[in-house]
Amino acid sequence: MKKVILSLIVLSGICFQLHAQKIYSTKTGQIKFNASSPLEKVAAVNDQVDSKMVDKTGQIVFSVLIKSFKFENQLMEDHFNENYMESSKFPKAEFRGYITNVTTVNFAKDGKYPVSFDGTLNIHGVQQKVTTTGVIAIEGGKPSISGSFKVKVKDYGITGSYIGSKIADEAEISVNCKYE
Amino acid sequence: MKKKIIWGLVIVVVLGVVNIWYYVFQYSKTHHRDVANEVAMLVTSTQLVKDFQSNEKVANAKYLNKAIEVKGELLQEEKDQSGNITLTLKSGDPFSNIFCTLKPGLPLPVKGSIVVVKGVCTGFLSDVVLNNAIVVKPVE
């Protein structure tokens, strides 16, 4: 009997914990990609970013489909997919990690909170550790995340035939996701 | 005679360069892939999600970057952060639906109706994702 009561207490404790954390998510986050060089504008937008974040633990995931990046120039989009990202072989890119200072964010109070991210970025089938900073803005109780960081194209084994001459060897990734 | 040949060659080369320049920088900027002109595979939303769930690799080979027509019940109509209209079609699995981003400037189907959406399949996250989509028909 005692055991039953004890396990009930433990269970209710777990339930309370589960209840106390909230998962924010979006399917329409935005990630921009910019690898322009003085010679050529190489930029794209992806409006189909899938992202989830847990407020208590700071756990965060961004997933994108490479083919969902839209370029102004169709030919550039085709090259991006076929020659650089090989998106038929590697259709997804993903960041998994943590907001390391999530405890400083008050999700109940509107405002802007600077945050740091620490995690693993997987692009083109290659994983790399990434740390970067950004801002969580709370507006009307809904959080949004913005931030940008640079990736070295070569670190991810991306070796399209034009690299070095036409496109920058560093690409800037900017994130802007509004969560529900 | 020689001069004429040289001039002819110069003209051909110049025209070639102009053509390439036009195709790369002008034509490709204004002409985007349009699913309306493409022949599409027809599939139901339930089948599409099942295919991706049972074997994503095989499903990718079958659907990725192809024009497909998906028939399903409209669950949700929203706008993304760029102002594009997005439609979610029910698949029968509440955790995995069909998520379609429409091309701008299209008339909307009625909520709750069975629709056929034609778009380019870009892959599978938690939903199967379609991009550059058009609504082929809202069927009552």
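Now for a look at the structure at hand.

What counts as what
- Residues numbered from 1 in each chain as written.
- Chains lettered and ligands numbered in written order.
- Predicted model: local features only at pLDDT ≥ 70, side-chain atom pairs only at ≥ 80, totals over all residues.
- Heavy atoms only, no water.
- Phe/Tyr/Trp six-rings, centres within 6.5 Å; stacked < 30°, edge-to-face > 60°.
- Helix = DSSP H or I, 4+ residues; strand = E, 2+ residues; numbered from the N terminus.
- Buried < 20%, exposed > 50% of the residue type's maximum accessible area, 1.4 Å probe, protein only.
- 1 Å grid on protein atoms, 1.4 Å probe; cavity = no way out; pocket = protein on both sides within 12 Å on 5 of 7 lines; lining within 4 Å.
- Points joined across faces, edges and corners; volume = space filled by probe spheres on them.
- Nonpolar A, V, L, I, M, F, W, Y, C, P; charged D, E, K, R; others polar.
- Contact = heavy atoms within 4.5 Å.
- Buried area = accessible area lost by both parts, 1.4 Å probe.
- Salt bridge = Lys/Arg side-chain N within 4 Å of Asp/Glu carboxyl O.
- Polar contact = N/O pair within 3.5 Å; in protein donor to acceptor, adjacent residues only side chain to side chain.

Quick look at the packing of aromatic side chains
Residues and elements named next belong to chain A. Counted by the stated rule, this structure contains 10 aromatic pairs over all chains. Consider the rings of Y24 and F107, whose centres lie 5.5 Å apart with planes at 15 degrees: the pair is stacked. With Y24 in strand β1 (residues 23-34) and F107 in the loop between β5 (92-99) and β6 (111-123), this pair connects stretches of sequence that are 83 residues apart. The class for Y24 is buried, based on a relative accessible area of 6%. With relative accessibility at 12%, the residue F107 sits in the buried group. Aromatic rings pair up to connect F33, F69, F71 and F80 into one cluster.

Considering the layout of surface pockets
Picture a little ball the size of a water molecule; that probe, rolled over the atoms, points out where space is still empty. Residues and elements named next belong to chain A. Taken as a whole, the largest pocket encloses approximately 740 Å³ of empty space. In terms of lining, the largest pocket is formed by 41 residues, of which the most central are F33, F80, M85, A171 and I173. Secondary structure elements with two or more residues in the lining of the largest pocket: β1, β3 (59-65), α2 (74-84), β5, β6, β7 (126-139), β8 (142-152) and β9 (170-178). Looking at the lining of the largest pocket, the element that brings in the most residues is β8, giving 6 residues. Tallied by class, residues from the lining of the largest pocket come to 31 nonpolar, 6 polar and 4 charged.

Brief notes about the interface of chain B and chain A
Across the contact, 29 residues belong to chain B and 27 residues belong to chain A. Approximately 2,300 Å² of surface area, both sides summed, lies buried where chain B meets chain A, with 51% of it carried by carbon and sulfur atoms. Among the residues of chain B in contact with chain A, Q81, T122 and L125 of chain B are the three that bury the most area, contributing 29% of the side total. Across the contact surface, chain B and chain A share 3 salt bridges. Here D127 of chain B and K27 of chain A are joined by a salt bridge, their closest N and O atoms 2.9 Å apart. Between chain B and chain A we count 17 residue pairs in polar contact (both at pLDDT 80 or more) in total. When residues of the side of chain B that touches chain A are traced back to their parent elements, those giving at least two are α1 (2-30), α3 (56-63), β4 (98-102), β5 (114-124) and β6 (128-139) of chain B. Sort the elements by how many residues they give to the side of chain B that touches chain A and α1 of chain B lands first, with 5 residues. Residue classes in the side of chain B that touches chain A are distributed as 9 nonpolar, 15 polar and 5 charged.

Side note on empty space enclosed by the protein
Here the structure, examined in full by the defined rule, presents 1 cavity of 30 Å³ or more. Here the largest cavity defines a volume of roughly 50 Å³. Residue lining of the largest cavity: K27, Q48 and D50 of chain A together with F99, L125, S126, D127 and V129 of chain B, and that is the complete set. When its residues are assigned to classes, the lining of the largest cavity shows 3 nonpolar, 2 polar and 3 charged.

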